[in-house]
Amino acid sequence: MVRLTMEFFEGNQVLFIGYSEKYQAFCKQVYQAFSNNGIKVYPVNNKDKGNFDVKVYKSLEDLPQIPRTAYVLLNRKSAGKAVKELAEKGVRRILFQNTKNADQSLLEECSRLGIETIVACPMMRFGTGFHKIHGFFAGVRK
Amino acid sequence: MNTFPLIRTKLSNEHIMAGVFAVLVLYMLPSWIDDPEKIMSFAAVLAVSLVLDSVINHIRFKKTVCSVSAAVTAGIYFNLAAGVPLWGQLLGITAALVVGKHIWGGTGKNIFNPAMVGILFTSVFFNISYPSFNYSWLLLPVLLLSLPFISFRPFASLGFIAGMTAAMIFNQDFSLHNFVSWGVVFWGCLVLTDPVTVSLNPVLGLAGSIAVGFAGLQFSNITLALAVGVVTLNLLSAIADRLPKRENRRAVPKMTIKKIIPYQEGITTFVDLTENEAAVDQTAALPDKVEILKRIGVNGVFGMGGAAFPTINKITATVDSKEASKHLIINAVECDPGLLHDNWIIRHKMDEISKGVDILKRCIEFESVTLAIKAGNMVECPQGMKLFEVPDYYPAGAERILINRVLGKKLSYKDIPSKKGVLVLNVQTVWAIYEAAVKNKKIDSRLITVADMRNKSSYIVKVRLGESIQRIADELKLSSINLFIGGGAMQCRNYTGDETVDNTINFIASGSFPRYKESPQCSRCGFCRANCPEGLMVDRIAQIVDRGDAAAAKRYKPEKCMQCGSCSRVCLAGRNLSARVNAAKATVRS
């Protein structure tokens, strides 16, 4: 697996696409892991009207600024649509959660759009405890 | 956006269950020394239980969930069914987890103790031997290690121990040897203390477990009889817990929470970020009552304790109150663990507070004026005021709790204190009254506490209303990008990036996120209920809200919630319960 470094998150900012209520526990865990490591997170979900502990933006238009890096936690179909919009908005790096939501064809499309990609769970790089061990063996950590 | 306490308990269900599991293993040690093969048997039972629980949890929650509760079930089951052949034990533990736990919805939702279900299932095919333990001095320290778990269900636990001891005395079998080998403490401290399946109800817990402990020893197959007794008690507990409850009339819980960063005179820094103070039209003579009330209203004095309610409405309601005796309580208790500025005010602005009180006395004839402070925060009491020390616990400063403590008056959540002749004002509000009435100054600034939790430094900051939170963070060079704002450390929300200081913000903090892991596995420990100052059935309300039917929580009166955040702070499952109660409260009100 590719090593995930802080440099990947340009300006220490990241867009979190797909922050959902259904998987809020995991989403919050990732949000907190990014934040506690000095990365400002902008969560986005255009469908969910959930009750969140953090501010979740309805669309990219609502954001005060659009970071150059995005973390995408969507299913394959939605991820495909999101990638095009992200490219149009100037996102140049995308971190996908796993190969389920980013198959080879999507990664190739990202490459065509000039987007650098990494497929890795951010908890392996920014999490604690077992996540650290997982990240070490997966080669995501230094 | 939800609010949450910035500090929470370091304990979790998993920590406690790991502790129970360790004690259960220690119970097995003497038998392992006698027969090392049992180690392999237990390893097999444990492995099956962990794999089975993990797989079912993964299917149910679509994620990995800690299975330490399955290990505890395996530990209890194996201790009691140690003489059963391995294949019987494997079948028994499977029945325990599937029939005893997962068909009910998993951990926290099961009615019966899974290990007891496993014992009942095994009893159908095998005779389970008793006593369960061979006497060994090695078990004596284990008994001591079992005792802390009594705290989860003290009535049931002590009732069982008392019942079984009484039966031993009644049967003339009482001896230390029997006390240990018959597992009196094992059953009492590790089986009857299961918070999921045994009720918190003291009468049911005590009476039921005395009966189980006493009757169990009267049968020939004691393990089976005890298991049947426990399962019956579980069933009664489930029924009792679902019956409508009377209002909880217990005393307010005394939860002492240490200050995140304690106030230190001379070290806690005061910073004034208000440039160009607004022009002041200072009148030499004190204005009359009409003018005072006009100035308080026009200059926008508001409740600085966090509610931001217009003070003029409170004062007028007290003036109009038909109560014969009227009381003024100045709230400087500052029970929230994050706030420090009220403490600073009573040390540096007591003259202004005293004058503010004189102004209020011109408007209302008070029978008593009390300055309520936290015990230990000794200050010199100005003339005409009575000093009242409130014990250091949270939420001692909540309006109705304070009235009850100072005046002995119990007000319901529907009562408005000022209409009952009790005017409770935050100490900073009294200062603002002085500024508004005497100096005729617009209230456009306030004191807040800013805490840098990473560097353990704190500031008392005077800021203008409308000031950018980010600017305050930049000026004070706070160490983390995570900012939290709110009425105090127990009611914070995440800073979104575009908010300013308003009437409700008393506290800004920078630091790491508190760890709310939002585990789906509530152990029904009852800590949320026990720590709720209103005695709400928080776990039940949260369960209903999680089901997506917040309106159905109406019968548990979520509107009584004062949003103190105590439930979220103590939740062993790491759930933000106060947000759920708040959601139910909003739905019920709408």
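Values in this document were obtained by computation on a predicted structure and should not be read as measured data.

(A) Up close: the overall build of chain B. Across its full length, chain B holds 22 helices and 10 strands. Seen through its C-alpha atoms, chain B measures out along the principal axes to roughly 95 × 50 × 45 Å. The long-range fraction of contacts in chain B, counting pairs at least 24 apart against all pairs at least 6 apart in sequence, stands at 76%. Here chain B has roughly 24,600 Å² of accessible surface; of this, 59% comes from carbon and sulfur atoms. Charge centroids of chain B, computed over 63 positive and 46 negative side chains, lie 6 Å from each other.

(B) Summary view of the overall build of chain A. Along the backbone of chain A there are five helices and five strands. Helices and strands appear in chain A in the N-to-C order β-α-β-β-α-β-α-β-α-α. Its C-alpha radius of gyration of 14 Å places chain A within 12% of the 14 Å reference for a compact globule of 142 residues. Principal-axis analysis of the C-alpha atoms places the extent of chain A at approximately 35 × 35 × 25 Å. Relative to all contacts within chain A whose residues are 6 or more apart in sequence, the contacts with residues 24 or more apart total 64%. Surface accessibility of chain A: about 7,000 Å² in total, with carbon and sulfur atoms responsible for 51%. If the 22 positive side-chain charges of chain A are averaged to one point and the 13 negative ones to another, these points end up 4 Å apart.

(C) Quick look at the environment of B:Asn426. All names here are of chain B. As for its placement among the helices and strands, Asn 426 is situated in strand β5 (residues 422-426). Residue class for Asn 426 comes out buried when judged on its relative accessible area of 12%. Separated by 51 residues in the primary sequence, Asn 426 and Lys 477 have C-alpha atoms spaced 29 Å apart. Setting aside residues up to four positions removed in sequence, Asn 426 forms contacts with Met 304, Gly 305, Asn 331 and Asp 342.

(D) Focus on the domain arrangement of chain B. We note that the domain assignment places domain 1 (13-242) and domain 2 (282-296 + 315-431) within chain B. Put simply, the middle of domain 1 of chain B and the middle of domain 2 of chain B, counted by C-alpha atoms, are 54 Å apart.

(E) Geometry of the interface of chain A and chain B. Taken together, the contacts link 16 residues of chain A with 22 residues of chain B. One salt bridge in this structure joins B:Asp498 and A:Lys55, with 3.9 Å as the shortest N-O distance. Across the contact surface, chain A and chain B share eight residue pairs in polar contact (both at pLDDT 80 or more). Tallied by class, residues from the side of chain A that touches chain B come to seven nonpolar, five polar and four charged.

(F) Structural detail: the packing of aromatic side chains. Residue and element names in this part refer to chain A. Counted according to the given criterion, the structure contains 30 aromatic pairs over all chains. When the centroid spacing of 5.5 Å and the interplanar angle of 80 degrees are considered together, the rings of Phe 8 and Phe 9 count as edge-to-face. Over the ring of Tyr 42 we find Lys 40; its NZ or CZ atom is 5.7 Å from the centre of that ring.

(G) Spotlight on helix α20 (residues 538-546) of chain B. All names here are of chain B. Burial analysis of α20 places seven of its nine residues in the buried class, the great majority of the element. By the burial criterion, the buried members of α20 are Val 538, Asp 539, Arg 540, Ile 541, Ala 542, Ile 544 and Val 545. The inward-facing, buried residues of α20 contact α11 (222-242), α19 (527-530), α21 (566-570) and α22 (577-589). Phi turns positive, to about 85 degrees, at Gly 548, one or two residues after α20.

(H) Focus on helix α16 (residues 399-407) of chain B. Residues of α16(B) that are buried include every one of B:Ile401, B:Leu402, B:Ile403 and B:Val406, and no others. Residues of α16(B) that are buried in the fold lie against β2 (327-332), β3 (368-374), β4 (386-390) and β5 of chain B.

(I) Highlighting the environment of B:Leu143. Residues and elements named next belong to chain B. For Leu 143, the position within the fold is in helix α6 (residues 139-146). Considered as a pair, Leu 143 and Tyr 27 are 116 residues apart in the sequence and their alpha carbons are 8.7 Å apart. In this structure, Leu 143 is in contact with Tyr 27, Val 180 and Val 185, ignoring residues within four places of it in sequence.

(J) Main features of the sheet that holds strand β1 (residues 269-272) of chain B. Residues and elements named next belong to chain B. A sheet is described by the order of its strands in space; here six strands give the open sequence β1-β7-β6-β10-β8-β9, paired in mixed fashion. Each edge of the sheet is formed by a strand with only one pairing partner; in this case those strands are β1 and β9 (492-494). Across this sheet, the average inter-strand angle for adjacent strands is 25 degrees, counted without regard to direction. As defined by bridge partners, strand β8 (residues 483-486) adjoins β9 across three bridges and the pair is classed as antiparallel. Of the residues in β9, the one forming a bridge with Phe 484 is Asn 494.

(K) Main features of the state of the cysteines. Residues and elements named next belong to chain B. In total, this model carries zero disulfides over all chains according to the counting rule given. The closest cysteine sulfur to the non-disulfide-bonded Cys 561 is located on Cys 567, 6.5 Å from its own sulfur. Cys 528 provides the cysteine sulfur closest to Cys 571, a residue in no disulfide bond, and the two sulfurs are 6.6 Å apart. The exposure class of Cys 571 is buried, given its relative accessible area of 8%.

(L) Inspection of the pattern of salt bridges at higher detail. Residue and element names in this part refer to chain B. Taken as a whole, this structure holds 27 salt bridges over all chains when the rule is applied. Of the charged contacts in the structure, one is a salt bridge between Lys 374 and Asp 392, with a shortest N-O distance of 3.7 Å. Taken as a pair, Lys 374 in strand β3 and Asp 392 in the loop between β4 and α16 lie far apart in primary sequence, 18 residues in all. Note on Asp 392: relative accessible area 33%, which makes it partly exposed. The salt bridge involving Arg 471 is made with Glu 475; its shortest N-O contact spans 3.4 Å. Here the residue Arg 471 and the residue Glu 475 both occupy positions in helix α18 (residues 469-475), the gap between them amounting to four residues, near one helical turn.

(M) Examining the side chain of B:Lys101 more closely. All names here are of chain B. Relative to the assigned elements, Lys 101 resides in the loop between α4 (86-100) and α5 (114-125). The exposure class assigned to Lys 101 is buried, which follows from its relative accessible area of 3%. Separated by 2.8 Å, the side chains of Lys 101 and Ser 69 make a polar contact. The contacts of Lys 101, once residues within four sequence positions are left out, are Asp 53, Ser 69, Ala 70, Ala 96, Gly 106, Thr 107, Asn 110 and Pro 114.

(N) Examining unusual backbone geometry more closely. Residue and element names in this part refer to chain B. Note the cis peptide between Tyr 130 and Pro 131, where omega equals 5 degrees. Its place among the elements puts Pro 131 in the loop between α5 and α6. The backbone of Asn 440 shows a phi angle near 55 degrees, a positive value even though the residue is not glycine. Checked against the element boundaries, Asn 440 lands in the loop between α17 (427-437) and β6 (445-452).

(O) The nonpolar core, seen in detail. Core analysis: the biggest nonpolar cluster contains 73 residues, and B:Tyr27, B:Ile76, B:Met116, B:Phe186 and B:Trp187 have the highest contact counts within it. One finds B:Ile353, B:Ile359, B:Cys363 and B:Val438 within the second-largest nonpolar core, a separate group that totals 43 residues.

(P) Geometry of the pairing of strand β10 (residues 507-510) of chain B. Residues and elements named next belong to chain B. The two faces of β10 match: Phe 507 and Ala 509 on one face and Ile 508 and Ser 510 on the other face are all buried. As judged from the four bridges shared by β6 and β10, these two strands associate in the parallel manner. Considered in β10, the bridge of Asp 452 is made with Ser 510. Of the pairings in the sheet, the one linking β8 to β10 comprises four bridges and is antiparallel in character. Across the sheet, residue Phe 484 finds its bridge partner in β10, namely Ala 509.

What counts as what
Residues numbered from 1 in each chain as written. Chains lettered and ligands numbered in written order. Predicted model: local features only at pLDDT ≥ 70, side-chain atom pairs only at ≥ 80, totals over all residues. Heavy atoms only, no water. Helix = DSSP H or I, 4+ residues; strand = E, 2+ residues; numbered from the N terminus. Contact = heavy atoms within 4.5 Å. Areas by Shrake-Rupley, 256 points an atom, 1.4 Å probe, with all protein chains shown as cover. Lys, Arg positive; Asp, Glu negative; His and termini not counted. Charge placed at Lys NZ, Arg CZ, Asp CG, Glu CD. Rg over C-alpha atoms; globule rule 2.2 N^0.38 Å. Buried < 20%, exposed > 50% of the residue type's maximum accessible area, 1.4 Å probe, protein only. Domains from an automatic or database assignment. Salt bridge = Lys/Arg side-chain N within 4 Å of Asp/Glu carboxyl O. Polar contact = N/O pair within 3.5 Å; in protein donor to acceptor, adjacent residues only side chain to side chain. Nonpolar A, V, L, I, M, F, W, Y, C, P; charged D, E, K, R; others polar. Phe/Tyr/Trp six-rings, centres within 6.5 Å; stacked < 30°, edge-to-face > 60°. Lys NZ or Arg CZ within 6 Å of the ring centre and 35° of its normal. Pairing = 2+ DSSP bridges. Axes fitted to C-alpha atoms, helices over the stretch in contact; angles between N-to-C directions. Disulfide = S-S within 2.5 Å. Core = buried A, V, L, I, M, F, W, Y, C linked by side-chain atoms within 4.5 Å.

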